[in-house]
Amino acid sequence: MSLLRLDDLSLAIHGKPILSGVAFDIAGGEIFGLVGESGSGKSMTALAVMGLLPSGATTSGRAEFMGRDLLTLPERALTGLRGNEIGMIFQEPMTALNPMKTIGDQVAETLLIHRAASRAEARDVAREKLARVGLPEDRFPLSRYPHELSGGQRQRVAIAMAIALRPKLLIADEPTTALDVTTQAQILDLLKGLTGDEGMALMLITHDLAVVAGMAARVAVMQNGRIVEQGATETLFRTRTQDYTRRLFAASAHQPQRRAQTRPETLLSVEGAVREYILPRPSPFAKPPVLRAVDGVSLTIRRGESLGLVGESGCGKSTLTRAILGLDPIQGGTIRLDGQEVTPGHTMPHDLRAKMQVVFQDPYGSFNPRHRVERLVAEPFHLTGQPKDARDRVAAALEEVGLSPADMGKYIHEFSGGQRQRIAIARALIIRPDLIVLDEAVSALDVRVRAQVLDLLARLQESHGLAYLFISHDLSVVRSITDRVLVMKAGRIVEEGATEAVFARPEHPYTQRLIAATPVIPAAWQDSA
Amino acid sequence: MRVAFFLGLILSLAALIAALVSLVWTPYDVTALSIADKLKPPSPAHWLGTDHFGRDIASMLMAGARTSIAVALVAVGIGVGLGVPLGLLAAANRGGLVDEVVMRGNDLIFAFPSLVIAILITAVFGPSATNAIIAIGIFNIPVFARVTRGGALSLWTLDFIRAAEVAGKGRTRISAEHILPNILNLLIVQGTIQFSLGILAEAGLSYVGLGAQPPTPSWGRMLAEAQTMVTLAPHVAIFPGLAIVLTVLGLNLLGDGLRDHLDPRLRRAG
Amino acid sequence: MTRYLFRRLISLALSLVVASLVIFAVIEVVPGDPASYMLGLNAKPETVAALKDQLGLNAPAPVRYLNWITGMVQGDFGLSYTYKTPVSQLVIQRLAVSLPLALYALALAVLVAFPAGLMAAARRGKVADAAVMGATQVGIALPNFWFAMLLVLAFALHWQIFPAGGFPGWDQGLWPGLRALTLPAIALALPQAAILARVLRSALIETLGQDYIRTARAKGLTGGQTLLRHGLRNALIPVLTIMGMQFSFLLAGAIIIENVFYLPGLGRLIFQAITQRDLIVVESVVMILVFAVILVTFLVDLAYAAIDPRLRKRA
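Residues numbered from 1 in each chain as written. Chains lettered and ligands numbered in written order. Predicted model: local features only at pLDDT ≥ 70, side-chain atom pairs only at ≥ 80, totals over all residues. Heavy atoms only, no water.

(A) Structural detail: the overall build of chain A. Looking only at helices and strands, one finds 21 helices and 20 strands in chain A. For a compact globule of 529 residues, the expected C-alpha radius of gyration is about 24 Å, and chain A comes in at 25 Å, within 12% of that figure. Overall, chain A is about 70 × 60 × 45 Å in size when its C-alpha atoms are taken along their principal axes. Within chain A, residue pairs in contact and separated by at least 24 positions form 69% of the contacts whose partners lie at least 6 positions apart. Accessible area for chain A stands at about 21,400 Å²; split by element, carbon and sulfur atoms hold 49% of it. Distance between charge centroids for chain A: 2 Å, based on 61 positive and 60 negative side chains. (Helix = DSSP H or I, 4+ residues; strand = E, 2+ residues; numbered from the N terminus. Rg over C-alpha atoms; globule rule 2.2 N^0.38 Å. Contact = heavy atoms within 4.5 Å. Areas by Shrake-Rupley, 256 points an atom, 1.4 Å probe, with all protein chains shown as cover. Lys, Arg positive; Asp, Glu negative; His and termini not counted. Charge placed at Lys NZ, Arg CZ, Asp CG, Glu CD.)

(B) Structural view of the nonpolar core. Among the nonpolar cores identified, the biggest contains 172 residues, and Phe 112, Leu 115, Ile 119 and Leu 210 of chain B together with Ile 23, Val 286 and Val 290 of chain C are the most heavily contacted of them. The greatest single-element share of this core, amounting to 18 residues, is contributed by helix α12 (residues 279–307) of chain C. Those residues in contact with Ile 23 of chain C that lie beyond four places of it in its chain are Phe 112 and Leu 120 of chain B together with Trp 68, Glu 283, Val 286, Met 287 and Val 290 of chain C. Residues Val 133, Ala 158, Met 161 and Leu 204 of chain A belong to the second largest nonpolar core, which totals 57 residues. (Core = buried A, V, L, I, M, F, W, Y, C linked by side-chain atoms within 4.5 Å. Buried < 20%, exposed > 50% of the residue type's maximum accessible area, 1.4 Å probe, protein only.)

(C) Expanded view of the sheet that holds strand β7 (residues 169–173) of chain A. All names here are of chain A. Pairing within the open sheet is mixed, and its 6 strands lie in the order β6-β7-β8-β3-β9-β10. Two strands bound the open sheet, and with one partner strand each, they are β6 (86–89) and β10 (226–232). Between one strand and the next, the sheet's axes are offset by a mean angle of 15 degrees, whatever the strand orientation. When strand β3 (residues 31–36) meets strand β8 (residues 201–206), the two strands line up parallel, connected through 5 bridges. Paired with Phe 32 across the bridge in β8 is Met 203. Each of β9 (218–223) and β10 touches helix α10 (residues 243–252); the most contacted strand, β9, lies at about 95 degrees to it. (Pairing = 2+ DSSP bridges. Axes fitted to C-alpha atoms, helices over the stretch in contact; angles between N-to-C directions.)

(D) How the structure looks around the interface of chain C and chain B. Tallying the contact residues gives 42 residues for chain C and 36 residues for chain B. The contact between chain C and chain B buries some 3,500 Å² in all, and 81% of this surface belongs to carbon and sulfur atoms. Summed over the shared surface of chain C and chain B, the result is 1 salt bridge. When the shortest N-O distance is used, the salt bridge between Asp 256 of chain B and Arg 198 of chain C registers 2.7 Å. Inspection of the chain C/chain B interface yields 4 residue pairs in polar contact (both at pLDDT 80 or more). Of all the secondary structure elements, the ones that give two or more residues to the side of chain C that touches chain B are α1 (2–29), α6 (127–141), α7 (144–158), α10 (223–261), α11 (266–275) and α12 of chain C. Partitioning the side of chain C that touches chain B into residue classes produces 37 nonpolar, 4 polar and 1 charged. (Buried area = accessible area lost by both parts, 1.4 Å probe. Salt bridge = Lys/Arg side-chain N within 4 Å of Asp/Glu carboxyl O. Polar contact = N/O pair within 3.5 Å; in protein donor to acceptor, adjacent residues only side chain to side chain. Nonpolar A, V, L, I, M, F, W, Y, C, P; charged D, E, K, R; others polar.)

(E) Structural context of the UniProt feature "transmembrane region" (unreviewed entry) in chain B. Residue and element names in this part refer to chain B. The positions that UniProt labels "transmembrane region" (unreviewed entry) are, in the present scheme, residues 69–92, 179–201 and 232–255. Structurally, residues 69–92 comprises 100% helix and 0% strand, and the distance from its first C-alpha atom to its last is 33 Å. Structurally, residues 232–255 is divided into 92% helix and 0% strand, and its ends, taken at the C-alpha atoms, are 38 Å apart. (UniProt positions renumbered as here; feature names shortened; annotations may be inferred.)

(F) Quick peek at the interface of chain A and chain B. Taken together, the contact between chain A and chain B spans 24 residues of the former and 17 residues of the latter. The junction of chain A with chain B conceals about 1,700 Å² of combined surface from both sides, 55% of it contributed by carbon and sulfur atoms. Interface area lost by chain A to chain B is led by Arg 370, Glu 379 and His 382 of chain A, which between them contribute 33%. Scanning the region where chain A abuts chain B turns up 2 salt bridges. Among the salt bridges present, the one from Glu 177 of chain B reaches Arg 375 of chain A, with a minimum N-O distance of 3.8 Å.

(G) Region of the structure containing the sheet that holds strand β17 (residues 435–439) of chain A. All names here are of chain A. Strand order in the open sheet formed by 6 strands is β16-β17-β18-β13-β19-β20, and the pairing between neighbours is mixed. Taken across any chain shown, the strands that pair with only one partner, and hence form the sheet edges, are β16 (356–359) and β20 (492–498). For this sheet, the mean inter-axis angle between neighbouring strands, taken without regard to orientation, is 20 degrees. Along the sheet, helix α16 (residues 417–429) makes contact with β16 and β17, crossing β16 at roughly 175 degrees. Sheet strands touched by helix α20 (residues 509–517): β19 (484–489) and β20. Its angle to β19, the strand with the most contacts, is close to 100 degrees.

(H) How the structure looks around the confidence of the model for chain B. Residue and element names in this part refer to chain B. Chain-level statistics for chain B give a pLDDT mean of 88 and a share of 97% at 70 or above. At the level of individual helices and strands, chain B shows its lowest average pLDDT in helix α10 (residues 264–269), which scores 42, and its highest in helix α2 (residues 57–92), which scores 95. Confidence metrics for the complex model read pTM 0.88 and ipTM 0.88. (pLDDT = per-residue confidence, 0-100.)

(I) Quick peek at the environment of Ala 172 of chain A. All names here are of chain A. Secondary-structure assignment places Ala 172 in strand β7. Remark: the alpha-carbon pair of Ala 172 and Gln 91, spanning 81 residues in sequence, is separated by 8.0 Å. Apart from the residues lying within four places of it in its own chain, the contact partners of Ala 172 are Ile 89, Leu 202, Met 203, Leu 204 and Ile 205.

(J) Here's a closer look at the environment of Val 282 of chain C. Tracing the backbone shows Val 282 of chain C in helix α12. We classify Val 282 of chain C as buried; its relative accessible area is 1%. Along the primary structure Val 282 of chain C and Val 48 of chain C are separated by 234 residues, whereas in three dimensions their C-alpha atoms are 19 Å apart. Not counting chain neighbours up to four residues away, the residues in contact with Val 282 of chain C comprise Ile 119 and Ala 123 of chain B together with Ile 27, Ala 273 and Ile 274 of chain C.

(K) Local environment of the packing of aromatic side chains. Residues and elements named next belong to chain A. Applying the stated criterion across every chain yields a total of 11 aromatic pairs over all chains. Both rings, one in Phe 237 and one in Phe 249, keep their centres 5.2 Å apart while their planes meet at 85 degrees; by these two values the pair is edge-to-face. A residue pair is termed long-range when its members are at least 10 positions apart, and Phe 237 in helix α9 (residues 233–239) and Phe 249 in helix α10 qualify at 12 residues. We note that Phe 237, like Phe 249, is buried. (Phe/Tyr/Trp six-rings, centres within 6.5 Å; stacked < 30°, edge-to-face > 60°.)

(L) Layout of the side chain of Asn 98 of chain A. By the element assignment, Asn 98 of chain A lies in the loop between α3 (93–96) and α4 (103–113). Here Met 100 of chain A takes part through its backbone nitrogen, which lies 3.0 Å from a polar atom of the side chain of Asn 98 of chain A. Excluding residues within four positions of it along the chain, Asn 98 of chain A makes contact with Gln 106 and Pro 146 of chain A together with Tyr 212, Arg 229, His 230 and Asn 234 of chain C.

See the structure below:
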């Protein structure tokens, strides 16, 4: 008998349909993957099971958990189940814990709220569970507060809270999406180990096919609130009977068509760059400690070259990027663009700035919401002086990135995430720079949109002879779009080389760890269809 | 919610129209004394009755609206005119010396409630409506500086500001072109709040004699004069108070409505 | 923690110094000659000279400022020109009325605002929420002195439950004193309670949208448990900020309310001093009011640290 059985589950919020006819089973102790792009309804499915839907939600169908229909259970019965029989963890570990309470109290609360233990016993269980998730008391006392822990450690606390009462089902909604790749691997290992040890079923929600491939025995693919296809993971991945699954699959392994076009002249050279931050004094009279975010980094980009810069969060790549863009000063070394020194702020001449533009990660924060697209794309003309044919050039740039000149009159909120990144590329392109810095430029996009934007980037590079500095935490993306790659760790470049060579034969132990931690779909599954 | 907004709009407009009309016409002359008619309850001749000098209360309320609105408006103008640039400046230099100086200056002004400022000014220069304006206006500066800085700080972290910097634009230009238009909503909402607080503060200052002086008509002073005859003729104390409550209530409802309407977060959800 | 405390203390001291400079400048430097100002236009030159001498106004301004400050630190606020008694003595008598009044009002405001704010947040969008919000809109719009007049009309003149004004003194016992302060305290408290309730409600609603609230619900807490155990403490920071600012409003408001009820507090003292042009009293009382506000701000900062572990840090 199945542990959780969804049968024709439909959901509408304020009359707007979100889910329709969702049906699947999860057996006790199994790992079940639910994959789909953003907006496919996978998180809402989980919240429906938890009985935590937003107000205005109406459901139909059945969601049976151990024979009881969760959709019709009264709230009292649901609170008895939540945290007790069904646990759940969420995507964003930085905000998932109450900042005002110690981690010990937060784990113990699960037991206390269900009256499963006395105060003292609950603390003992909290201690034991925190140790189980990799936070032993000698290094992580129960009295720690969330802000004293890293993102991965906080996600471990969230897991300890969710499993404190040994629930029969754990729902994990994108549990590793906000984490670095090596941390992701550890958390996934932990989740896998827990299902084995505790005989608990896991419903793993993710957008990442590779994560599911390595974890789940069975998988369901969701799109637009429906289950497109479901079955045993390996069979489903090998056969890909549905068109949508095939496209999703193709997009996540997509390699844009590109030809190396590197020319010998150096475009950007960074030599021994050092960027330091002064930290707050530990006591009123102590010398303030200094953090070296960038510690003697040297790199060069040639004309027409695509250089990748990979590293985990906090490695200093964003700080380095800001210095290269001439936004922050450096405390040592030099940065030269086309032979001229890059200096911060207004000290950098406009004609030098005009040789370099940037595309950022966040498709929502990258544009002034009060300006029309025409003005947004034309902003870099500030560096060159407004040409007479500015309007035509904006129109041409929009066409070049696959949009229509008619979009000029619209505001940014009228566009999707992928379209916004295209507009950001048009803005970078408008003054014909030699170098475009792509700072996690495709990281916020769904796989299919990401594949299209990568194709666009490859095409533009070839037609304009552009050089790219491609900064990302995502190794597979860097592998598909760069000629050479640098690996950065703790402010230093630890490995450098031709992209294929580095990925095929990483030399530095850190690069090896990064590559080993990156989830992949087994090569054997890929070519059978 | 819409009902509340329109109620607020109607009440605010009513106060504004009464003030504007009083410039050219009031039912009776507000300075004409008529002891024979003193303390008359509301009647067809005097809708809201008369005060202890036989003056028509309705006429005095209309003229008083003028004082209240003028004082509050100029005080908001002082707050916006000085506070907004200071807030923008502080945010553009966030974490720097200028920011620190502006913020500490703010804290300092916050330590002087507007009544205390009015007391200080009056003690030296004597009472007047101008004192009220200055006292309320000074207190408005840090309010607007804080709102501006807070709104601007969250904008400065966004990537479109980075993009403008990469396009070679300086801090002043970015503040004017990208920051200010995006915090306008905040400022409009805060402006209505400060406007209504200004009316309350003007009434309070005039009530204790630190604001508008005779013959300038003022709601607060009408209440002060009414205090001794509350038992004889309650209407003398009731109507000016109601005028204040309804005007302030109207402005607050208007501000709330504007916030709900202008807040992009709320609009997206709707 | 020590670092935080240290920084706050420094900022407290700096604010006091600057505030005292401002007050000194406005009272003693801006009018040119404070002595002739105090005595009025018709004063004889000899009297002015005598007063100047008595007040020590012949010394240069920086010296006078230092004398004033060192005097205050030692509890010497000078001699009132009209009352011919030490200002410190006057202030202590008057504080015995004003301080209890402000605290009484603050307690009332909290007592009304917390249940109202919690209920509105817990039932947001429902009838109870709309009722609380409507009532608070009216409360905010009420001028406290007018509200005080209405209270007097109703509870003192009509029903005669509370006195209409005056203060019997604490030596008459606690109850008569509290009785005399009840109507003033209500008049002060209700408009502030309205503001506080609204701030608490919106802070709670904001907090209830946070991820950790969802986490708590996923643990099996009910909506009410989540509100009290996880919502309230996180919502306290903005509420505390407002309470700190309200204390200064209550002090200032008390100055006005004391006039409605003829209470012998600091407010009455300062208005009498203004009419009698007794600058010495004005200067000192203003300094004490400002000191109180700055001190409360400091206490609020300490309360932040007590509530929020992120501010405490490891010492």
